Amino acid sequence: MIKTFNLDNKVILISGGYGFLGHAITLSLCHHGAKVYVLGRSEEKFKNTFAAEDSIVNLNINFIKCDISTTESIKQAFQTIDEKEGKIDVLINNAFYSRGQSPEQMSDDDWSYGIDGSLNSVFRAIREVIPYFKKNGSGKILNVSSMYGVVAPQFEVYDEYPEFLNPPHYGAAKAGVIQITKYYASYLGKHNINVNTITPGPFPSDKVKENKGFIKALAEKTCLGRVGLPEDLAGCFVFLASNAADYITGQNFVVDGGWTAK
């Protein structure tokens, strides 16, 4: 009998695990029994983010220095964890980096940098984790996309708030994340490796929430009439990382309050 959502003894890696959404995801995974390794560039940010947690939740949340922009850094992080734990069970590709915003004036360099930070970095991590999952005979990869990888922005939302306009390379890269998920789900299925995407909708940061008018405009575009909280997203990661999702692969789970349904 499967113990639904039980992550006991699972070793889970998450990039960007100390970010706005990553923090809630990491805590939820840990509280469901997983040993979580947060991949990031700043140990100081990691410590500050989880400082309020008692002993970093019984020491089941750990930091590993990793720069997702370089293959060698990813290789070293994965090797270090595997040597320590003897396995890797789940990889969550959550981190990204980007710059540039204008649909008309974005430079070639900014376009390439954004694509690298949201799509190429996911490819690098998938490629480097495959040998560990093949060795284990199983594994799960969870990629993070965006509702703007599914639909275009409703630009009227941004007419009065141009500072929040979503850039063109972000949606293009996130659409690529959904496709690369399907590709590797098909390619790796014979090795008992599951690959799925989780696609968040409007989950504005605390700083963005200070603009009440913009938040109201976002909320009105959803079926539920509100923006998402980080906790609204975490459960999907717990489910897909657990054995309850062993027969699910190649899928895109949209967590958007109904934004893309309207």
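Residues numbered from 1 in each chain as written. Predicted model: local features only at pLDDT ≥ 70, side-chain atom pairs only at ≥ 80, totals over all residues. Heavy atoms only, no water.

**Concerning the overall build of the protein**
Next up, step 1: Per the secondary structure count, the protein includes eight helices and seven strands.
Next up, step 2: In terms of overall dimensions, the protein is globule-like: its C-alpha atoms have a radius of gyration of 18 Å, near the 18 Å expected for 262 residues.
Next up, step 3: Projected onto its principal axes, the C-alpha coordinates of the protein cover approximately 50 × 40 × 40 Å.
Next up, step 4: Scored against the burial criterion, the 262 residues of the protein give a buried share of 52%.
Next up, step 5: Counted over contacts in the protein with a minimum sequence separation of 6, partners at least 24 positions apart contribute 76%.
Next up, step 6: For the protein, the accessible area works out to roughly 12500 Å², and carbon and sulfur atoms hold 51% of it.
Next up, step 7: Distance from the positive charge centre (26 side chains) to the negative charge centre (28 side chains) of the protein: 6 Å. (Helix = DSSP H or I, 4+ residues; strand = E, 2+ residues; numbered from the N terminus. Rg over C-alpha atoms; globule rule 2.2 N^0.38 Å. Buried < 20%, exposed > 50% of the residue type's maximum accessible area, 1.4 Å probe, protein only. Contact = heavy atoms within 4.5 Å. Areas by Shrake-Rupley, 256 points an atom, 1.4 Å probe, with all protein chains shown as cover. Lys, Arg positive; Asp, Glu negative; His and termini not counted. Charge placed at Lys NZ, Arg CZ, Asp CG, Glu CD.)

**A look at helix H4 (residues 71-85)**
Next up, step 1: Taking 1.5 Å per residue as the helical rise, H4 with its 15 residues ought to reach 21 Å, and the 21 Å between its terminal C-alpha atoms agrees with that figure.
Next up, step 2: Among the residues of H4, those classed as buried are Ser73, Ile74, Ala77, Phe78, Ile81 and Asp82. Projected down its long axis, H4 carries its buried residues within an arc of 160 degrees, all on one side. Summarising the geometry of H4, the exposed residues directed more than 90 degrees from the buried face are Glu72 and Glu83. (Expected span 1.5 Å × (residues − 1). Arc of directions from axis to C-beta.)

**A look at the packing of aromatic side chains**
Next up, step 1: For the coordinates displayed, the defined rule picks out 13 aromatic pairs.
Next up, step 2: Summarising the aromatic geometry, the rings of Tyr148 and Trp259 are spaced 6.4 Å apart at their centres and angled 85 degrees between planes, so their arrangement reads as edge-to-face. Here Tyr148 is found in the loop between strand E5 (139-144) and helix H6 (168-188), whereas its partner Trp259 is found in the segment after strand E7 (252-255), with 111 residues between them in sequence. Trp259 matches Tyr148 in its accessibility class, with the two residues each being buried. (Phe/Tyr/Trp six-rings, centres within 6.5 Å; stacked < 30°, edge-to-face > 60°.)

**Some points on the pairing of strand E3 (residues 61-65)**
Next up, step 1: With respect to burial, E3 is a largely interior element, four of its five residues being buried.
Next up, step 2: Across five bridges, strand E2 (residues 35-40) lies against E3 in parallel orientation. Looking at E3, one finds that Tyr37 is bridged to Asn62. (Pairing = 2+ DSSP bridges.)

**Points about the pairing of strand E4 (residues 90-93)**
Next up, step 1: Residues Val90 and Ile92 line one face of E4 and the alternating positions Leu91 and Asn93 line the opposite face, and both faces are buried.
Next up, step 2: Strand direction decides the pairing type here: E4 and E5, joined by four bridges, are parallel. Looking across to E5, one finds that Ile92 is bridged to Leu142.
Next up, step 3: Considered for its hand, the β-α-β crossover made up of E4, helix H5 (residues 108-136) and E5 is right-handed. (Right-handed = clockwise from strand over helix to strand, strands pointing away.)

**Examining the side chain of Ser118**
Next up, step 1: Note that Ser118 resides in helix H5.
Next up, step 2: Ser118 sits in the buried class, given a relative accessible area of 2%.
Next up, step 3: In contact with Ser118, not counting residues within four places along its chain, are Phe96, Tyr97, Tyr170, Ala173, Lys174 and Val177.

**Considering unusual backbone geometry**
Next up, step 1: For Asn9, which is not glycine, the phi dihedral falls at a positive 70 degrees.
Next up, step 2: As for its placement among the helices and strands, Asn9 is situated in the segment before strand E1 (11-15).
Next up, step 3: Assessed through its relative accessible area of 64%, Asn9 is described here as exposed.
Next up, step 4: Unlike most non-glycine residues, Asn192 shows phi in positive territory, near 60 degrees.
Next up, step 5: Inspection of the secondary structure puts Asn192 in the loop between H6 and strand E6 (193-200).
Next up, step 6: Classification of Asn192 by relative accessible area gives partly exposed; the value is 44%.

**Concerning the nonpolar core**
Next up, step 1: Leu13, Leu39, Phe78, Ile81, Ile88 and Ile141 are the most contacted members of the largest nonpolar core, which has 32 residues in total.
Next up, step 2: Residue assignment for this core shows that the elements contributing at least two residues are E1, E2, H4, H5, H6 and E6.
Next up, step 3: A total of nine residues in this core trace back to one element, the largest contributor, which is H5.
Next up, step 4: Setting aside its immediate chain neighbours within four residues, Leu39 contacts Leu13, Ile14, Ser15, Gly16, Gly17, Ile64, Cys66, Ala77, Phe78 and Ile81.
Next up, step 5: Counting residues in hydrophobic clusters, the runner-up holds 30 residues, among them Leu21, Cys30, Val38 and Phe203. (Core = buried A, V, L, I, M, F, W, Y, C linked by side-chain atoms within 4.5 Å.)

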